[in-house]
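What follows is the residue order along each chain.
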Amino acid sequence: MADVELVPDGAFRFRIPRGEGMRVPGVVFASAELLPDVAGDQALQQVVNVATLPGIVGASYAMPDVHWGYGFPIGGVAATEPDAGGVISPGGVGFDISCGVRLLAAHCGSESLAPRLRQLMDVLSARVPRGPGRGGIWTLRRAELGEVLTGGARYPVEHGRGVARDLVRCEDGGVLAGAAADEVSERAVDRGLGQVGSLGSGNHFLEVQKVQKVYDERAAQVMGLGEGQVCVMIHCGSRGLGHQICTDHVRTMDRAMDRYGIRVPDRQLACVPADSAEGRSYLAAMAAAANYARANRQVLGDTARRAFAEVMHCPVDLVYDISHNMAKMETHTVDGRERRLCVHRKGATRALPARHPELPDDLAAVGQPVLIPGTMGTASYVLAGVEGGGAWHSTCHGAGRVRSRHRAAREVDGRRLREDLEAAGVVVRGSSARGLAEEAPLAYKDIDAVVRASEGAGLCRRVARLVPLGVLKG
DNA sequence: ATGTCC
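Residues numbered from 1 in each chain as written. Chains lettered and ligands numbered in written order. Predicted model: local features only at pLDDT ≥ 70, side-chain atom pairs only at ≥ 80, totals over all residues. Heavy atoms only, no water.

As annotated in an unreviewed UniProt entry, chain A is tRNA-splicing ligase RtcB from Streptomyces chengmaiensis. What the UniProt record of chain A gives under Sequence similarities (unreviewed entry) is the line "Belongs to the RtcB family." What UniProt states about chain A under its Catalytic activity (unreviewed entry) heading is, verbatim, "a 3'-end 3'-phospho-ribonucleotide-RNA + a 5'-end dephospho-ribonucleoside-RNA + GTP = a ribonucleotidyl-ribonucleotide-RNA + GMP + diphosphate". (UniProt positions renumbered as here; feature names shortened; annotations may be inferred.)

**Topic: the side chain of aspartate 448**
With respect to the helices and strands, the residue aspartate 448 is situated in helix α16 (residues 447-456). Excluding residues within four positions of it along the chain, aspartate 448 makes contact with Ala379, Tyr381 and Arg465. (Helix = DSSP H or I, 4+ residues; strand = E, 2+ residues; numbered from the N terminus. Contact = heavy atoms within 4.5 Å.)

**Some words on the protein's contact with DNA strand B**
Near DNA strand B you find 16 residues, and of these Arg191, Gly202, Asn203, Arg239 and Arg405 are the closest. Counting only the atoms of DNA strand B within 4 Å of the protein, the fraction contributed by sugar and phosphate is 55%. Within the backbone of serine 201, a nitrogen or oxygen atom sits 2.9 Å from a phosphate oxygen of DNA strand B. Elements supplying a minimum of two residues to the surface near DNA strand B: α8 (186-192) and α10 (239-256). Along the lines of polarity and charge, the residues of the surface near DNA strand B split into one nonpolar, 10 polar and five charged. (Near = heavy atom within 4 Å. Polar contact = N/O pair within 3.5 Å; in protein donor to acceptor, adjacent residues only side chain to side chain. Nonpolar A, V, L, I, M, F, W, Y, C, P; charged D, E, K, R; others polar.)

**With respect to a positive patch on the surface**
Together, Arg187, Arg191, Arg251 and Arg255 give the surface a local cluster of positive charge. Looking at the element boundaries, arginine 187 is found in helix α8. On the basis of relative accessible area, arginine 187 is assigned to the exposed category, the value being 55%. (Patch = residues over 30% accessible without salt bridge, like charges linked within 9 Å, V, L, I, M, F, W, Y side chains within 5 Å. Areas by Shrake-Rupley, 256 points an atom, 1.4 Å probe, with all protein chains shown as cover. Salt bridge = Lys/Arg side-chain N within 4 Å of Asp/Glu carboxyl O. Lys, Arg positive; Asp, Glu negative; His and termini not counted. Charge placed at Lys NZ, Arg CZ, Asp CG, Glu CD. Buried < 20%, exposed > 50% of the residue type's maximum accessible area, 1.4 Å probe, protein only.)

**Looking at the packing of helix α4 (residues 117-127) against helix α11 (residues 277-311)**
With their axes 10 Å apart at the nearest point, α4 and α11 run at an angle of 145° to one another. Judged by the sense of rotation from one axis to the other, the crossing of α4 with α11 is right-handed. Contacts from Gln119, Leu120, Val123, Leu124 and Arg127 in α4 reach Thr303, Ala304, Ala307, Phe308, Glu310 and Val311 in α11. For the contact of α4 with α11, the residue count by class is seven nonpolar, two polar and two charged. (Axes fitted to C-alpha atoms, helices over the stretch in contact; angles between N-to-C directions. Left-handed = near helix turned anticlockwise from the far one by under 90°.)

**A few points about the sheet that holds strand β12 (residues 325-334)**
The strand order across the open sheet built from seven strands is β1-β2-β3-β4-β5-β13-β12, with neighbouring strands paired in mixed fashion. Strands with a single pairing partner mark the edges of an open sheet, and in this sheet they are β1 (7-8) and β12. Bridge analysis of strand β2 (residues 13-16) against strand β3 (residues 26-29) gives four bridges, and the strand direction is antiparallel. Paired with isoleucine 16 across the bridge in β3 is glycine 26. On top of the sheet, helix α2 (residues 43-50) reaches β2, β3, β4 (56-67) and β5 (74-80); it is set at about 165° to β4, its chief contact. (Pairing = 2+ DSSP bridges.)

**Description of the pattern of salt bridges**
Considering all chains together, one arrives at 33 salt bridges under this definition. With a shortest N-O distance of 3.7 Å, aspartate 420 and arginine 416 are connected by a salt bridge. Taken as a pair, aspartate 420 and arginine 416 lie in helix α14 (residues 414-423) at a separation of four residues, close to a single helical turn. You can call aspartate 420 partly exposed: its relative accessible area is 40%. For glutamate 438, the salt bridge identified is with arginine 434, shortest N-O distance 2.8 Å. A residue pair is termed a helical-turn pair when its members lie 3 or 4 positions apart in one helix, as glutamate 438 and arginine 434 do in helix α15 (residues 433-438) at four residues. Salt bridges sharing partners connect three or more residues here, namely Glu171, Asp172, Arg294, Lys328, Arg350 and Glu358.

**Here's the deal with the environment of threonine 80**
Relative to the elements of secondary structure, threonine 80 occurs in strand β5. In the structure, threonine 80 is positioned 263 residues away from valine 343 in sequence and 6.5 Å away in space, judged by C-alpha atoms. Non-local contacts of threonine 80, meaning those with residues more than four positions away in its chain, are made with Pro54, Gly55, Ile56, Val57, Gly86, Val87, Arg340, Leu341, Cys342 and His344. One polar contact links the side chain of threonine 80 to the main-chain carbonyl oxygen of valine 87, over a distance of 2.7 Å.

**Describing unusual backbone geometry**
Of note, the phi angle at phenylalanine 12 is positive, near 55°, even though the residue is not glycine. On the secondary structure map, phenylalanine 12 appears in the loop between β1 and β2. In the Ramachandran plot, histidine 313 falls in the positive-phi region, its phi being about 50° despite a non-glycine side chain. Turning to its location among the elements, histidine 313 is positioned in the loop between α11 and β11 (316-323). For histidine 313, a relative accessible area of 64% puts it in the exposed group.

Here's what the structure looks like:
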């Protein structure tokens, strides 16, 4: 495969000119220091491949944390126009549908938590299911799961797991419209029955963190964050249910593409017109998985809240909950005309600017919170959406992997890593040595550099930097 | 990411 041509195009921005088969150019948001990593794998070729999809509008975008993924790169953003034959592709959402982050702010400071941190982590460790395949806090009957699939975070709130205000601080009010439980296969349902309230594995985590630095006082205040404050960050998704839905629909679309006359340069880009029967079926199942993920994070957040009430006797408020693996129908102005677009964000986060109508009143003053989970033992960030933005109001989602799990496990001693973290004052609970090694910081890009590049590219602005006090991993 | 192969 020929090298992808990258042309510098302003601050923190590179352009991939339209080549054969590309319907739009590629745009890569990155700093020069991040680029060698970006170019080191197949991610840029994937940006080019996405640019060939029917109905794609604007450009095939890559965020500064872009890396190789299934079909689409992780850190990729692509909008298609259904009214012009635009497609929907499960590869543009990812296997972990609606994987995302929930951030909660505790009404306590890190000094008051310090003497009880180990006790708190023990309580959380005992109550938060994690690891591959493990059960969840809830085991549901099929009818109950059906309500989760259409009700999202609202279902746990209505069943004593949360307060009404939680829903105001969730993307879409905690419920993604258009979900259809009957579009979710029996097999996906079976996998989902026992996993609501579970973290999963890999880079998913629950961390107790403290706000180490505030960059934007006003936004931080509106979001309920101040320096020294204790927070809980939860990073997880739709578990086996979302994975099964992706698997089911990739197979269906792979078989259906011919009938729609669609050819793609990589079979992993399987797609169909968004307004076709298969497209609508996927979007309804995807929305159901999104609601499952939101309910999952709601139950986990409520569990953390209860642990804080018991150990610290302090309230915990939801700051925000947002996904970074989703396709959404959105209205954007393109060439002076309002158009309905299907925006794929895979390892990319929506970042609405201040005064956007979808924001709740208080957040409308400062912009939508963007939650960026860092790598274990490193920093995480709270960002905010800004005006302009170059990619349908999107920004980065995390550090971005640069070494395979396999290679990281080979190069890192998990036990040693745990010892180093503990020596640095970070309490680590219940993680396998191999799991720790696979998620070692050296396997990821520098989160500070990713966030600087995202801000420099005009995609977002920094609000606060968070550092871990305690880590719970699968 | 994922009952890391039905």
